[in-house]
Structure formats: structure tokens, C-alpha cells
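Structural features, examined
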Amino acid sequence: MGAKIGSEARQERIAALGYDYAAKPVRRTLRCNLCGGDRFATLAHRDRYGYPAKADGCLRCGLVFLNPAMTGDAYAEFYTNVYRPLVSAYHGRLIDAESIQDEQRDYASARADFIEPRIRERSCKTLLDVGGSTGVVAHVMKERFDLLATVIDPAPLEIEVARAFGLKTVTGFVEEYDAGGATYDFIVLCQTVDHLLDVSLSLSKIRNLLSGEGLFFVDIVDFRAAYRRNGSVEKAVKIDHPFYLTDETMRAYLARSGFDILAIDCAADHLHIGYLCAPGRHDSNALPDPQFVKDQWREIRAIQNPLP
Ligand SMILES: [Zn+2]
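With that settled, the discussion passes to the packing of helix H2 (residues 72-81) against helix H3 (residues 83-91). Packing of H2 against H3 leaves a shortest axis separation of 4 Å and a crossing angle of 60°. Between H2 and H3, the angle falls in the class oblique. Facing Phe78, Tyr79 and Asn81 of H2, the residues of H3 in contact are Tyr83, Pro85 and Leu86. Grouping the amino acids of the contact of H2 with H3 by side-chain chemistry returns five nonpolar, one polar and no charged.

Written out as C-alpha cells, the structure reads:
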């Protein structure tokens, strides 16, 4: 009973935001962003907030993504006005550019511990934090490793907080970022890859922005862990995530984008997986093991139709 009241209250809080997802401009994807395949299975018709968001899975590589997904302009508006209030309504507590800072500091400190041995081997001087939000992560990395740090993020309110930390800031998406030929020794894409509008394009852009001896850190919310934990695909889908990565699809993305994985961190929450990478050879045909794709479908079907 309590749970029901809780979920009704949650739906009321979300409805009170008045965000009309169905009315937003969208674009439909015909080619898989990872493998270029064109055969998809629709896995969900609604997200965890109750919005009518459809998630497709690529039958060739197993990548899961919103399809259709909102346009870049619609997402820019979403991050400016809706994202933090929506997440606050979902969790039933205030989550904004100020209140997330403690959590982000702990997160950054754990990631810095993981990265430290590799970064100490190199002489990294510059940091680019892609999707760097309020700059807490960049600030922790900057202080720990003595770096000149830049944050790029599409949310103006969060970028304002980052600027107050004394960080260099860029308001926008990395896909459109013009670095004027500059490269960075250390690039991080923290809790962001699932929010990107084009993962392939962003990773290739990041690869070009990374110096020859540079390091790249990226982490995913493991979609497989998320749907298993929630016992539901719909509850693992949310409009803020156009993409749903797994260990297998992320490794294929990294190989295709020209990154060698140096170390992997399965985070303490058993939900996030982090990858520390160096520039490597482009394996433009890398794909997840077909057995993984089969297992994923089997698991999703079993979750959607549990035995009595
Ligand atoms: Zn694919």
C-alpha cells in the first residue's frame, strides 16, 4: 500500500512539471549508431517517468537507444528547464546544481583513485571534462593532478557553477565544439555517454581532441545491470538517456573509435562501469560477440514475461 501511494505521489510530482514530451520535435534513426545495422526490435514504449518514449535494440549488435529521440534543440531546452526538476520529482527530493555537489565530489574522488596510477606515469597538463556539469569532477581532478581544466556542458545553470570554481567553461555539446586545433592530455566523459545525442560522433571527436600520449576516461550505466536490477526494461529507460550501453557495446564503441582500454573499473554500486583508455588503432568492424546479443534478447524476453 505504501509503495502504491509513493508511486502515485511520484506520478503527481512528474505531472505537475507539465512537460509535454509527446509534443517535442523528434527524429527517427534508421541506422544503428554503433554498427550501422538497420534491423531493430522495439523493446519499450514508455520510460520510467511514464513518458511515451520508445526504445529500440539493434538486432545485429544489441545497442539499445531511444527511437525516435528528441532533436538537439529539444534536448538543449530539456537540460535548461526540465532535467533537474524532473529528476527531483522522480526521487522526491531536491536535486539541483548545488545539491549534487557532495555526491559528485565523492564520485570524482573514487574515479581519481582509479585513474591515478596511469596519470602519474604521464605528464598530463590539460583536462577537458565533456558534459562536466557543475565542474565538481573537473575541480577534483585539477587539484589532484595539477591540470589546467576546461568544462563543456549544455546546461547554462550548471556551467555557471563551474565558472565559479575558476574553470574554463564552454556551453554546448562536444559534437559542435571547435577547439581551434587544441588537444588535451586527459579527457573525461563522466556519467555522460548515455546522455549524448550521437555516441559515435562524440567519441571520434574526443579521439581527435586527445593528445598522442593522452588518457580518456568514460563510464556507462550498464543497461544490463539496470534492467536486471529493476526487473523491467521500461524502468531502466528514461528520456534523459538517448543511449543504453553495456560492457559489450561500449567496448565495441571504444575499439571502433580508436581507443585501447588500459583498465576497467566496475564501480562499487555494481551499476556503473568505467574505462580508462589510451589512443589506439581504429578497429572499424568491432562488434559485440553474437552470443551476447542473443543472451540479451533472451533475458529481456524473460523479464518482460516472467514465469508465474
Ligand atoms: Zn547495431
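Of all the bends in helix H4 (residues 101-120), the greatest reaches close to 40° and is centred on Phe114; the proline Pro117 follows between one and four positions later. Among the residues of H4, those classed as buried are Gln101, Gln104, Tyr107, Ala108, Arg111, Ala112, Phe114, Ile115 and Ile119. On its buried side, H4 packs onto helix H5 (136-145), helix H6 (156-164), strand S9 (184-189), strand S10 (210-221), strand S12 (259-266) and strand S13 (272-279).

Quick look at the pattern of salt bridges now. This model, assessed by the stated rule, comprises 13 salt bridges. When the shortest N-O distance is used, the salt bridge between Asp38 and Arg31 registers 4.0 Å. Across the pair Asp102 and Arg105 runs a salt bridge whose closest N-O atoms are separated by 3.0 Å. One end of the pair, Asp102, and the other, Arg105, are both in helix H4, three residues apart, so they sit about a helical turn from each other. Owing to a relative accessible area of 55%, Asp102 belongs among the exposed residues under this scheme. A single salt-bridge network, built from bridges that share partners, covers Asp113, Glu116, Arg120 and Arg144.

Another aspect to go through is helix H8 (residues 223-230). Looking only at H8, the buried set comprises Phe223, Arg224, Ala225, Ala226 and Tyr227. Where the residues of H8 are buried, they touch strand S4 (64-66), S10, strand S11 (243-244), helix H9 (247-256) and helix H10 (290-304). Between the side-chain oxygen of the N-cap and the backbone nitrogen of Arg224 there are 3.1 Å, and the N-cap of H8 in question is Asp222. Of the residues one or two after H8, Gly231 is the one with positive phi, at around 60°.

This part is about the coordination of the zinc ion. The protein atoms that coordinate the zinc ion are Cys32 (SG), Cys35 (SG), Cys58 (SG) and Cys61 (SG), at distances spanning 2.3 Å. Considering all four donor atoms around the zinc ion, the spread of angles at the metal, 101 to 116°, places the coordination shape in the tetrahedral class.

The interhelical angle for the contact between H8 and H10, taken along N-to-C directions, is 20°, at an axis separation of 10 Å. Relative to H10, H8 is oriented roughly parallel. You can see that H8 and H10 cross each other, and the crossing is left-handed. Touching Phe223, Arg224, Tyr227 and Arg228 of H8 are Phe292, Asp295, Gln296, Glu299, Ile300 and Ile303, all from H10. Per-class residue counts for the contact of H8 with H10 are five nonpolar, one polar and four charged.

With 10 of its 12 residues buried, S10 lies for the most part within the structure. Taken together, the five bridges between S9 and S10 define a ladder with parallel strand orientation. Paired with Val188 across the two strands is Phe217, which belongs to S10. Tracing the backbone out of S9, into helix H7 (residues 199-209) and back to the parallel element S10 gives a crossover that is right-handed. As paired strands, S10 and S13 are joined by six bridges and run antiparallel to one another. Within the sheet, the bridge partner assigned to Val218 lies in S13 and is Tyr275.

Let's shift gears to the packing of aromatic side chains. Following the criterion strictly, the structure yields 15 aromatic pairs and no others. Between Phe78 and Tyr83, the aromatic rings sit 6.0 Å apart at their centres with planes inclined by 50°, giving tilted as the arrangement. Tyr83 matches Phe78 in its accessibility class, with the two residues each being buried. Plain terms: the ring middles of Phe223 and Tyr227 are 5.0 Å apart, the flat faces sit at 70° to each other, and that makes the pair edge-to-face.

A few words now on the sheet that holds strand S3 (residues 55-58). Taken in spatial order, the four strands line up as S2-S3-S4-S11 in an open sheet, and their pairing is antiparallel. Sheet topology places strand S2 (40-44) and S11 at the edges, where each strand pairs with a single neighbour. Examined bridge by bridge, S4 and S11 share two bridges and lie antiparallel to one another. Residue Val64 lies in a different strand from S11, and its bridge partner there is Tyr244.

Before going further, it helps to examine the nonpolar core. In this structure, Leu66, Phe78 and Ile239 are the most contacted members of the largest nonpolar core, which totals 43 residues. If one sorts the elements of this core by residue count, H3 sits on top with five residues. The contacts of Phe78, once residues within four sequence positions are left out, are Tyr19, Met70, Tyr83, Leu86, Ile239 and Asp240. Among the nonpolar cores identified, the runner-up in size contains 36 residues, and Cys35, Val199, Leu210 and Tyr275 belong to it.

The rules behind each value
Residues numbered from 1 in each chain as written. Predicted model: local features only at pLDDT ≥ 70, side-chain atom pairs only at ≥ 80, totals over all residues. Heavy atoms only, no water. Axes fitted to C-alpha atoms, helices over the stretch in contact; angles between N-to-C directions. Helix = DSSP H or I, 4+ residues; strand = E, 2+ residues; numbered from the N terminus. Parallel < 35°, antiparallel > 145°, perpendicular 65-115°, else oblique. Contact = heavy atoms within 4.5 Å. Nonpolar A, V, L, I, M, F, W, Y, C, P; charged D, E, K, R; others polar. Bend = angle between axes of the 7 residues up to and from the residue. Buried < 20%, exposed > 50% of the residue type's maximum accessible area, 1.4 Å probe, protein only. Salt bridge = Lys/Arg side-chain N within 4 Å of Asp/Glu carboxyl O. Polar contact = N/O pair within 3.5 Å; in protein donor to acceptor, adjacent residues only side chain to side chain. Donors = N, O, S within 2.8 Å, 3.2 Å for Na, K, Ca; no water. Tetrahedral: all angles 85-135°; square planar, octahedral: opposite > 155°, others 65-115°. Left-handed = near helix turned anticlockwise from the far one by under 90°. Pairing = 2+ DSSP bridges. Right-handed = clockwise from strand over helix to strand, strands pointing away. Phe/Tyr/Trp six-rings, centres within 6.5 Å; stacked < 30°, edge-to-face > 60°. Core = buried A, V, L, I, M, F, W, Y, C linked by side-chain atoms within 4.5 Å.

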